[in-house]
Amino acid sequence: MFKKLEDVVKRFELLNKKLSNPAIYDNQKELREVSSEKSSIQDIVETYKHYKKLSTDIEGAKEILKNENDEEIRSMAKEELSELEKNLLKTENELKVLLLPRDPLDERGVMIEIRAGAGGSEASIFVAEVYRMYQNYISKLGFKSELVSSSESDEGLKEVIFSVTGQKVYSIFKYESGVHRVQRVPKTETQGRVHTSTITVAVMPEVDDIEFELNMNDVRIDVYRSGGSGGQSVNTTDSAVRVTHIPTGIVVANQDQKSQIKNKEKALKILKNRIYDKMVNEKNAKETAERRAMIGTGDRSERIRTYNFPQGRLTDHRIGLTLYSLDRIIEGDMTPVTEALIAYNQAELLKGPQSHS
C-alpha cells in the first residue's frame, strides 16, 4: 500500500508541475484532464501526509518513554501515544478506502430524468415530490440545478429532466437510478386503502463537449406544432422539436419553450447525454465482475427503493437499508441514504474480487 501511496505523491507532484507550465492553457482538453486527475488524488496525498506526520509523532512519543525518567512527563507521553495510535489506525483505514478503484465519472455533474410509471395520477404526484426532494438535497449540498425539460399532468409531473453541477455530483447521485416505489393512501381513496405506484429515475453523467462530439450527420431533426393538454395549440408556430439519433434510435422531443431554437438546443443536450450514457453502460457491461457488482450500475428496470408513507418507512432493497424517517428524507434530508449506499459500496470493494464470485 505504501509503495502505491509514494507513487501517487510523485504523480501529484508531476501534475502540479504540468499545471505550472503556461503552455498547458493552450490545450483545453489536456488542461481539463490534468486538473481532473490532480483533484481526484488530492485527498489521498493530503491524508498520506497526515499519516506520515502521525507516524513521526508516534516515534517522538516512544522516544520520550524510552529516555525520560520524570513520571509526569512519561504519563503525558503515554496518553499522547495512545491517542496518536488510534488516529493512525483511523487514517490508515481512510487511506485504504481512498485507494479503492475509482469510478472515473464520479467527478462529473449529472443529468437526471424522473418519469411517472404505474399508478396514474399518483405516480405523477410522486414524480413532483421526488423532484422537490432532490432539489432540496441539491441545495443542502451546495450544488446547482437547472431545469432542462418538464411535462406537467393535472396533479403533478409526467416527466422532469434537470442537470446538476458541482464537485463529485455523480458520486452521490449515481445510486438513484432505478424504479422507486411509493405506497400510500391517495387523497381520492375513500376506504383508506394503500395504493402502490412507481416512478423511474435515470441518472446520467454530464458529457463534456471536448470529450464527446455529436455527429450532426447522424441526427434527424423534425419540427412540429406544440400541443398542450387536451390537444389545444400552445402557439401557432412549429416550435416543438424532435431529434432522432439514427445509429442508436434514441429519440428526444422538446416543446418547453416558444422558441424553436431553444427547444432544439435542449433536445440536443438531452440526446447527447443519453448517447454518452448508453456508451458508458455498454463499457461497464464489458468490465469485470467486481465492477458489475457495484450498486451504482444496476438495471434501470430494477426496483431499488420503497417509500411507505403509512409507516413512515424508506427501504433501499439493494443494501437492506430501512429508515423510519421518511418525513425528513422526502423533505431533502437524504444524507443518511446516500452515505449508507456509498459505505456499502466501499465495504464490498474492500472485500476484494473474491466477494463477487
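Residues numbered from 1 in each chain as written. Predicted model: local features only at pLDDT ≥ 70, side-chain atom pairs only at ≥ 80, totals over all residues. Heavy atoms only, no water.

Draft legend 1. Inspection of the nonpolar core at higher detail. Of all hydrophobic cores here, the largest spans 42 residues; its most connected members are Ile112, Ile114, Tyr134, Phe162 and Phe173. Aside from chain neighbours lying at most four places away, what touches isoleucine 112 is Val160, Ile161, Phe162, Val164, Phe173, Val201, Ala202 and Val203. The next biggest cluster of nonpolar side chains, apart from the first, holds 25 residues, and it includes Phe12, Leu19, Leu31 and Tyr48. (Core = buried A, V, L, I, M, F, W, Y, C linked by side-chain atoms within 4.5 Å. Buried < 20%, exposed > 50% of the residue type's maximum accessible area, 1.4 Å probe, protein only. Contact = heavy atoms within 4.5 Å.)

Draft legend 2. Representation of the pairing of strand E3 (residues 157-165). Burial analysis of E3 places seven of its nine residues in the buried class, the great majority of the element. In the sheet, strand E1 (residues 110-116) pairs with E3 via six bridges, with the strands oriented antiparallel. From the neighbouring strand, methionine 111 faces E3, where its bridge partner is serine 163. Two strands pair when backbone bridges link them, and strand E2 (residues 144-152) and E3 are joined in this way by eight bridges, in the antiparallel orientation. If you follow glutamate 152 over to E3, its bridge partner there is leucine 157. (Helix = DSSP H or I, 4+ residues; strand = E, 2+ residues; numbered from the N terminus. Pairing = 2+ DSSP bridges.)

Draft legend 3. Local environment of helix H9 (residues 335-351). An ideal rise of 1.5 Å per residue puts 24 Å on 17 residues; H9 measures up with 24 Å between its terminal C-alpha atoms. Those residues of H9 not exposed but buried are Val337, Thr338, Ala340, Leu341, Asn345, Glu348 and Leu349. For H9, the buried positions fall inside an angular range of 170° around the axis, keeping them on one side. (Expected span 1.5 Å × (residues − 1). Arc of directions from axis to C-beta.)

Draft legend 4. Region of the structure containing the packing of aromatic side chains. The final tally for this structure, using the stated rule, is five aromatic pairs. Aromatic ring contacts, followed pair by pair, group Tyr134, Tyr137 and Phe173 into a single cluster. We note arginine 184 situated over the ring of phenylalanine 309; from NZ or CZ to the ring centre the distance is 4.7 Å. (Phe/Tyr/Trp six-rings, centres within 6.5 Å; stacked < 30°, edge-to-face > 60°. Lys NZ or Arg CZ within 6 Å of the ring centre and 35° of its normal.)

Draft legend 5. Spatial organisation of the pattern of salt bridges. Within the structure shown, the criterion is met by 20 salt bridges. Aspartate 57 is paired through a salt bridge with lysine 53; the nearest N and O atoms lie 3.0 Å apart. With a gap of four residues between them, aspartate 57 and lysine 53 both fall in helix H2 (residues 28-67), about one helical turn apart. Lysine 53 sits in the exposed class, given a relative accessible area of 52%. The shortest N-O distance in the salt bridge between glutamate 176 and arginine 305 comes to 2.7 Å. (Salt bridge = Lys/Arg side-chain N within 4 Å of Asp/Glu carboxyl O.)

Draft legend 6. Highlighting the environment of alanine 116. Within the secondary structure, alanine 116 is located in strand E1. Through-space distance from the C-alpha of alanine 116 to that of valine 179 is 9.9 Å; in sequence the pair is 63 residues apart. Not counting the four nearest positions on each side in its chain, alanine 116 is found in contact with Ala123, Ser124, Val127, Leu157, Lys158, Thr198 and Ile199.

Draft legend 7. Highlighting the pairing of strand E7 (residues 240-245). Counting buried positions over the six residues of E7 gives five, a clear majority of the element. As paired strands, strand E6 (residues 219-224) and E7 are joined by six bridges and run antiparallel to one another. When the bridges of E7 are listed, isoleucine 221 appears paired with valine 243. Counted along the chain from E7 to the antiparallel partner strand E8 (residues 250-254), the turn is four residues long, and its residue glycine 249 has a positive phi close to 80°.

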